[in-house]
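For reference, the chains in residue letters:
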Amino acid sequence: MRRVVITGMGVVTPVGNTVNEFESSLYSGKNGVAPITQFDTEQFVTKLAAEVKGFDATDYLDAKEIRKMDPFTLFAIAAADQALAQSQLMSHANPERVGVIIGSGIGGIHSFEEQHRRLLEGGPRKVSPFFVTMMITNIAAGQVSIRHGLKGPNYSLISACATASHTIGDAFRIIRYGDAEAIVAGGTESCIAPIAVAGFANMKALSKNTDPETICRPFDANRDGFVMGEGAGILVLEELSHAEKRGAEILGELVGYGASGDAYHVAAPAEGGEGAVRAMNLALDDAGIQPEEVGHINAHGTSTIHNDKNETIGIKTVFADHAKNLIVSSTKSMTGHLLGAAGGIEGIAIILALRRQEAPPTIHYRTPDPECDLNYSPNTSTEHSFDYAMSNTFGFGGHNAVLIMKRFTA
């Protein structure tokens, strides 16, 4: 079977807009949550989010192009540019054998809000002719494909918070099947917008805490909801021999992918993490490894009552006695929840963990919950010897996607 490796990574996140900044922030426990600046929150019960900071789209595009794109697309372009620059792929590859699969859970909601306002205030003629191509979710993949001349498989996926992991998993299988030599894959999201924040808050998914230092506390007994984040995480996945022939630096290897559906509830996880258990087992089977070989999990870890409890139960079901030996981190404690982009930045996080042989911390952890009783690397990173790491992502609608990365050896 064709092996698939990672040769490029790029990010835009609330704690850093390059992979080096992101890594430094994760391992220093930097908190990306702060008061929302993108709109007036006076009437909102939720006032905090993990916004991207210091991002300048003109580092990647000219002003005329920027005006035609929603922030979620700008983030994807920036992260993809970084990943392709690191990989140096396009100086050696046939563009017809390189694809793009980039998803978003929400898409261009900023553009939707703005153009709807224009319609109501000024009538149909005030709506931008670029509105549709700013809003539609597939446009991030399309713009990256056009920008770099990538003519292989090109599409988008939408599966809520599991989106990016599904895109990476699809890319993995397409390369394995021989339908492409490399694929630019991941997720992007920018929905810290009034209508999205109001909707998530009114369904009681978001925390109402107003203290940035305690609001996002996965697995803590006092957790009370997730914190919205934004950004993008993009990887270059490449067939091993193709990467080796061109002398690429290999950052890690993707060895397992599992996907399942809860068929249970639109917003709540299945009891006992039943769907997550099946996805984790499928990923282990795909990788051809035993549970005892996994040393670290980047958990979905949303800081919601039901996810953290059921994910913990699910991990213990899959890993049995070995669960107590795992280092389980929720990097969402620092980045917030990037929804459709979560699996992208968290896939990169487990590659970094494998390379460092160190699991990042779960910050803001203060009060243990008897129902969440694993080692969550509380507040400080944990050095650990391991060859395999798992990333869990689960989405509204009962979508589950699990990736397993391996520390690369020839």
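As the structure is a prediction and not an experimental result, all values here were calculated from the model.

Some points on helix 11 (residues 305-319)
Taking 1.5 Å as the rise per residue, helix 11 with 15 residues should run 21 Å; its terminal C-alpha atoms sit 22 Å apart, in good agreement. Within helix 11, the full set of buried residues consists of Asn 307, Asp 308, Asn 310, Glu 311, Thr 312, Gly 314, Ile 315, Val 318 and Phe 319. Packed against the buried residues of helix 11 are helix 10 (274-287), strand 9 (294-298), strand 10 (327-329) and strand 13 (388-395). Where helix 11 terminates, the next one or two residues include Ala 320, which has phi positive at roughly 50 degrees.

As for the pattern of salt bridges
A side chain with one charge may pair with a side chain of the opposite charge, provided their charged atoms come close. Taken as a whole and judged by the stated rule, the model has 19 salt bridges. Arg 147 is the salt-bridge partner of Asp 81, the closest N and O atoms lying 2.7 Å from each other. Highlighted residues: Asp 81 in helix 3 (residues 71-87) and Arg 147 in helix 6 (residues 139-148), separated in sequence by 66 residues. Exposure remark for Asp 81: the relative accessible area of 13% places this residue in the buried category. Connected through shared salt-bridge partners, Glu 114, Arg 117, Arg 118 and Glu 121 make up one network.

Topic: the packing of helix 1 (residues 19-28) against helix 13 (residues 342-356)
Across the interface, helix 1 lies against helix 13 with an axial gap of 11 Å and an inter-helix angle of 75 degrees. Accordingly, the angle class assigned to the pair helix 1 and helix 13 is roughly perpendicular. Of the residues in helix 13, those in contact with Val 19, Phe 22, Glu 23, Leu 26 and Tyr 27 of helix 1 are Ile 345, Ile 348, Ala 349, Leu 352, Ala 353 and Arg 356. Class assignment of the residues belonging to the contact of helix 1 with helix 13 gives a composition of nine nonpolar, no polar and two charged.

Re the environment of Ala 341
If you trace the backbone, Ala 341 turns up in the loop between helix 12 (332-335) and helix 13. Judged by relative accessible area, Ala 341 falls into the buried class, the value being 0%. Between the alpha carbons of Ala 341 and Ala 162 there is a distance of 8.3 Å; along the sequence they are 179 residues apart. Residues within four places of Ala 341 in sequence aside, it is in contact with Ala 164, Gly 187, Thr 188, Glu 189, Gly 231 and Ala 232.

Re helix 7 (residues 163-177)
Compared with an ideal rise of 1.5 Å per residue, which puts 15 residues at 21 Å, helix 7 spans 21 Å between its outermost C-alpha atoms and is within 8% of the ideal. When you tally the buried positions in helix 7, you get 12 out of 15 residues, the bulk of the element. Thr 163, Ala 164, Ser 165, His 166, Thr 167, Ile 168, Gly 169, Ala 171, Phe 172, Ile 174, Ile 175 and Arg 176 are the residues of helix 7 that are buried. Immediately beyond the C-terminal end of helix 7, within one or two residues, lies Gly 178, with a positive phi of roughly 90 degrees.

Thresholds applied
Residues numbered from 1 in each chain as written. Predicted model: local features only at pLDDT ≥ 70, side-chain atom pairs only at ≥ 80, totals over all residues. Heavy atoms only, no water. Helix = DSSP H or I, 4+ residues; strand = E, 2+ residues; numbered from the N terminus. Expected span 1.5 Å × (residues − 1). Buried < 20%, exposed > 50% of the residue type's maximum accessible area, 1.4 Å probe, protein only. Contact = heavy atoms within 4.5 Å. Salt bridge = Lys/Arg side-chain N within 4 Å of Asp/Glu carboxyl O. Axes fitted to C-alpha atoms, helices over the stretch in contact; angles between N-to-C directions. Parallel < 35°, antiparallel > 145°, perpendicular 65-115°, else oblique. Nonpolar A, V, L, I, M, F, W, Y, C, P; charged D, E, K, R; others polar.

Everything listed here is a matter of coordinates, which is why it stays silent on function.
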